[in-house]
Amino acid sequence: MDFLTLIQVLDSTVRLATPLLLACLAGLYSERAGIFDIGLEGKMLMAAFFSAAVAAVTGNVWLGLLAGIGSSMLLAGLHGVASITFRGNQLISGVAINFLAAGMTVLIAQDWFQQGGRTPSLIGGGRFVPIELPFAIGPADAAAAGVPLTQMLKEAGWVSQIYSELISGHSILVYLTFLFVPLTAWILFGTRFGLRLRAVGENPAAVDTAGVSVVGLRFAAVAICGVLCGIAGSYLATALQAGFVKDMSAGRGFIALAALIFAKWRPWHALGACLLFGLFQALELRPDVLEAAFGMKIQAQFLGALPYVMTVVILAGFVGKAIPPKAGGEPYVKER
Amino acid sequence: MTLMKSLMGAAASLALTAGAALAEPALIFDLGGKFDKSFNEAAHNGASRWAEETGGSYREIELQSEAQREQALRRFAEAGANPVITMGFAMADPLSTVAADYPDTKFVAVDVTWLDANNIRQIGFAEHEGSYLVGMMAAMASKSDTVGFIGGMDIPLIRHFACGYAQGAKAVNPDINIVANMTGTTPAAWNDPVKGSELTKAQISQGADVIYAAAGGTGVGVLQTAADEGILSIGVDSNQNHLHPGKVLTSMLKRVDVAVYEAMKAGTDLETGVFTMGLAEEGVGYALDDNNAPLVSSDMQSAVDDARSKIISGDINVASYYENDSCPALSF
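How each quantity is defined
Residues numbered from 1 in each chain as written. Chains lettered and ligands numbered in written order. Predicted model: local features only at pLDDT ≥ 70, side-chain atom pairs only at ≥ 80, totals over all residues. Helix = DSSP H or I, 4+ residues; strand = E, 2+ residues; numbered from the N terminus. Rg over C-alpha atoms; globule rule 2.2 N^0.38 Å. Buried ≥ 20, exposed ≤ 12 C-beta atoms within 10 Å, placed from the backbone. Contact = placed C-beta atoms within 7 Å. Pairing = 2+ DSSP bridges. Right-handed = clockwise from strand over helix to strand, strands pointing away. Nonpolar A, V, L, I, M, F, W, Y, C, P; charged D, E, K, R; others polar. Expected span 1.5 Å × (residues − 1). Bend = angle between axes of the 7 residues up to and from the residue. Core = buried A, V, L, I, M, F, W, Y, C linked by C-beta atoms within 7 Å. Domains from an automatic or database assignment. Axes fitted to C-alpha atoms, helices over the stretch in contact; angles between N-to-C directions. Left-handed = near helix turned anticlockwise from the far one by under 90°. pLDDT = per-residue confidence, 0-100.

Participant: Help me understand the overall build of chain B, please; the structure alone is not making it clear to me.
Facilitator: Counting its regular elements, chain B contains 11 helices and 12 strands. Its C-alpha atoms give chain B a radius of gyration of 21 Å, within 12% of the compact-globule value 20 Å for 332 residues. Residue burial in chain B is summarised as follows: out of 332 residues, 56% are buried. Considering only contacts within chain B whose residues lie at least 6 apart along the sequence, 68% involve residues at least 24 apart.

Here you go:
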């Protein structure tokens, strides 16, 4: 295994970790405020559909992104109304959202486009295209030189390999996502809003006593969750892919939940957990690399199962216990 | 209880006799869905062609979960649909129990060839023969001497595809490097285009410049990424050349549409038994149309047509993964 192969695997890791990270941060806001959210998957799926549909109709990916965020926030609002206003069971509401999204996306897509629950393929301005950073070796340089891109990268130095392959060539949403991590850490641990948000997930009665609206804070958290899930879904449909296919989120919302527990509800750890799980997914695609690294054939499926196994181990308390926010899952009832 | 039973029995037999008068065919699509641009869509095309030509109508259902298989079969059989056409290998188990309960109904099983029942028309395709031809084309089109294969769910059928493809590629160039990946081991592997894309990128970084996708909805992602990255891809089941004109080298056709069309046309007089549709029966083949004509050179076409006639005459024997449970040209 040469250095470039390693970089290519890491490059794939970044792409695969981005939707996980967005969904994981979305869950982080919601669960830190005491609202469990297993509907991340459904919100992503809904956003994937609406972003692709609007981008296909208007030809403008930014409008698609807005539509994706809007549809995801709508579902988040539904979750909020059910679990905050009506004090329903948060898990059941989340499950309902997942089913609702799985069914509605295909139904609307079929009615709208008659392509069997898909959107038309996105072309031109309907997609987020990879951004080539200055001085990076990209497809255009390879075409100009008349050699394959892989060949050209192989001949470049290692600094150039890291820069061209790993850092350059992602869509703008990827760079945004990685900025969200310090931003989230600052909001949660550096601002008054963040303090109150965390407090409302630990001891809402104390927040209420201080004269701060518990309901307002929780709705704010759920709304932020909706925005982030919306970006995650749009990234799947308009940046990684060129259109919506039914069930295209393929369980990523659940892996993000596992990552959230693995990270023990902390933003920087969430980055680490998502990159680790993304690395597993990337390695699963490269059995040749695994074989070279370990000297024997390793079942790729094992890597696919690893995130879940690790989460169970963490939950069982073998390696550092994961303790969720204390008031998580409980609707707040004001004392009279 | 007995009264209830006899009442229900009477109702069931009423429903049966009422339905028998109609005897319209029924079609059960597999989980990929009617418009998967591939296997199920081919069945849909065949059924629509029959409906257009005869003015007849048919019932259909798109399965949404594994649990619906037997339920859907029984409902159509109870309603008197005849024949009941099912898509995909996964219908084999439910069919083996249901078919015996409805001896007067004829069933058609596409991609199933191993059941023991006298009212099932079992249709298998010689996918390895068709895949052999596109494998040859891939090897001839490849400049890097590396070709790729991306399968959907890891089942014997998909290995069967991969095996034929590898043999075809090796027939052209014995030293060719074949990179083969499966998307997953669960039915979700048929609908994960994001993973399909990543697999494509991974294979490109291993040098592949022609990639054959036999992966249902996941294949949409493979073809898309191949087109984006400027390499060639090969579609499967239906003609997928039009998805990215000039970027899809060819498509391995599996004439599910013909099988469904003929079953519907025969109606209740359908002949049952096990049938295999290979190159000789035009059950499999490769697609050539305006979209890929510039990519297929005359050398390529003559070589492939030559191999086709040799396979039909028996001069070339394409090893089947089913028969050997292993592949001489590719290890999994």
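Participant: Is there a simple way to explain the pairing of strand β7 (residues 177–184) of chain B in this structure?
Facilitator: Where a strand is regular, its side chains alternate between the two sheet faces. All names here are of chain B. In terms of burial, β7 is largely enclosed, as seven of its eight residues are buried. Taken together, the seven bridges between strand β6 (residues 146–153) and β7 define a ladder with parallel strand orientation. Counted as the bridge partner of I150 is N181 from β7. Read as a crossover between parallel neighbours, the route from β6 over helix α6 (residues 156–172) to β7 is right-handed.

Participant: Where do I start with the interface of chain A and chain B in this structure?
Facilitator: By a widespread convention, an interface's size corresponds to the accessible area lost as its parts come together. Taken together, the contact pairs 23 residues of chain A with 22 residues of chain B. Elements that contribute at least two residues to the side of chain A that touches chain B include exactly α1 (3–32) and α11 (214–240) of chain A. No other element matches the four residues that α1 of chain A contributes to the side of chain A that touches chain B. Counted by class, the side of chain A that touches chain B contains eight nonpolar, nine polar and six charged residues.

Participant: Even after reading the chapter, I still don't get helix α15 (residues 300–315) of chain A, so can you show me in this structure?
Facilitator: It helps to recall that an α-helix has 3.6 residues per turn; residues three or four apart then point in one direction. All names here are of chain A. Across its 16 residues, α15 extends 24 Å between first and last C-alpha, which sits within 8% of the 22 Å expected from 1.5 Å per residue. Along α15, the sharpest change in direction is near 40 degrees and occurs at L306; proline P307 comes one to four residues later. Of all the residues in α15, the buried ones are L303, P307 and T311. In this structure, the buried residues of α15 make contact with α12 (252–262) and α13 (267–284). Of the residues trailing α15, G317 is marked for its positive phi of about 85 degrees.

Participant: Quick question: what am I supposed to make of the nonpolar core here?
Facilitator: Generally speaking, soluble globular proteins have nonpolar side chains that are buried together. In this structure, C24, A259, A270 and C274 of chain A together with A138 of chain B are the most contacted members of the largest nonpolar core, which totals 196 residues. Sorting elements by how many residues they give to this core places α11 of chain A first, with 16 residues. When we break this core down by domain, the ones giving at least three residues each are domain 1 (2–126 + 258–277) and domain 2 (128–253 + 285–324) of chain B.

Participant: I'm lost on the domain arrangement of chain B in this one. Help?
Facilitator: Residue and element names in this part refer to chain B. Taken domain by domain, chain B comprises domain 1 (2–126 + 258–277) and domain 2 (128–253 + 285–324). Using only C-alpha atoms to locate each centre, domain 1 and domain 2 end up separated by 30 Å. Contact with domain 1, which involves 11 residues of that partner, is made by 14 residues of domain 2. Across the side of domain 1 that touches domain 2, the residue classes break down as five nonpolar, two polar and four charged.

Participant: Explanation requested: the sheet that holds strand β11 (residues 273–277) of chain B in the structure shown.
Facilitator: One key point about sheets: their strands pair by backbone hydrogen bonds, in either a parallel or an antiparallel sense. Residues and elements named next belong to chain B. Strand order in the open sheet made by the six strands is β2-β1-β3-β4-β5-β11, with parallel pairing throughout. Looking at strand neighbours, the two that pair on one side only are β2 (59–62) and β11, the edges of this open sheet. With direction set aside, neighbouring strand axes in the sheet form an average angle of 15 degrees. Inspection of the sheet shows strand β1 (residues 26–29) paired to strand β3 (residues 84–87) by three bridges, in the parallel sense. Opposite I28, over in β3, you have T86 as the bridge partner.

Participant: What is the right way to read the packing of helix α2 (residues 39–54) of chain B against helix α9 (residues 256–266) of chain B from this model?
Facilitator: The axes of two packed helices give the description: the angle between them and the distance between them. Residues and elements named next belong to chain B. Axis separation between α2 and α9 bottoms out at 7 Å; the angle between their running directions is 40 degrees. As for the relative orientation of α2 and α9, their crossing is right-handed in sense. Of the residues in α9, those touching α2 at F39, A42, A43, N45, G46, A47, R49 and W50 are V256, D257, V258, A259, V260, Y261, M264 and K265. The residue inventory of the contact of α2 with α9, partitioned by class, reads 11 nonpolar, two polar and three charged.

Participant: Where do I start with the sheet that holds strand β9 (residues 232–237) of chain B in this structure?
Facilitator: Residue and element names in this part refer to chain B. Strand order in this open sheet of six strands is β7-β6-β8-β9-β10-β12, and the pairing throughout is mixed. One side of each edge strand has no neighbouring strand; the edge strands of this open sheet are β7 and β12 (284–286). Ignoring which end each strand starts from, the neighbouring axes of this sheet average 15 degrees apart. Two strands pair when backbone bridges link them, and strand β10 (residues 248–254) and β12 are joined in this way by three bridges, in the antiparallel orientation.

Participant: How should I be thinking about the confidence of the model for chain B in this particular structure?
Facilitator: When pLDDT is low, close inspection of the predicted coordinates is not appropriate. Residues and elements named next belong to chain B. Taken residue by residue, chain B gives an average pLDDT of 89. The fraction at 70 or more is 93%. The low-confidence segment residues 14–21, where pLDDT is below 50, has nine contacts with residues more than four positions distant or belonging to other chains. Here the prediction assigns the complex a pTM of 0.85, and the interface score ipTM is 0.85.

Participant: How should I be thinking about the pairing of β3 of chain B in this particular structure?
Facilitator: Residue and element names in this part refer to chain B. Residues V84 and T86 of β3 are buried on one face, and the alternating residues I85 and M87, pointing to the opposite face, are buried as well. Two elements, β3 and strand β4 (residues 107–110), share four bridges in a ladder whose sense is parallel. Note that in β4 the partner of I85 across the bridge is V108. Regarding topology, helix α4 (residues 92–101) serves as the crossover connection from β3 to the parallel β4, and that connection is right-handed.

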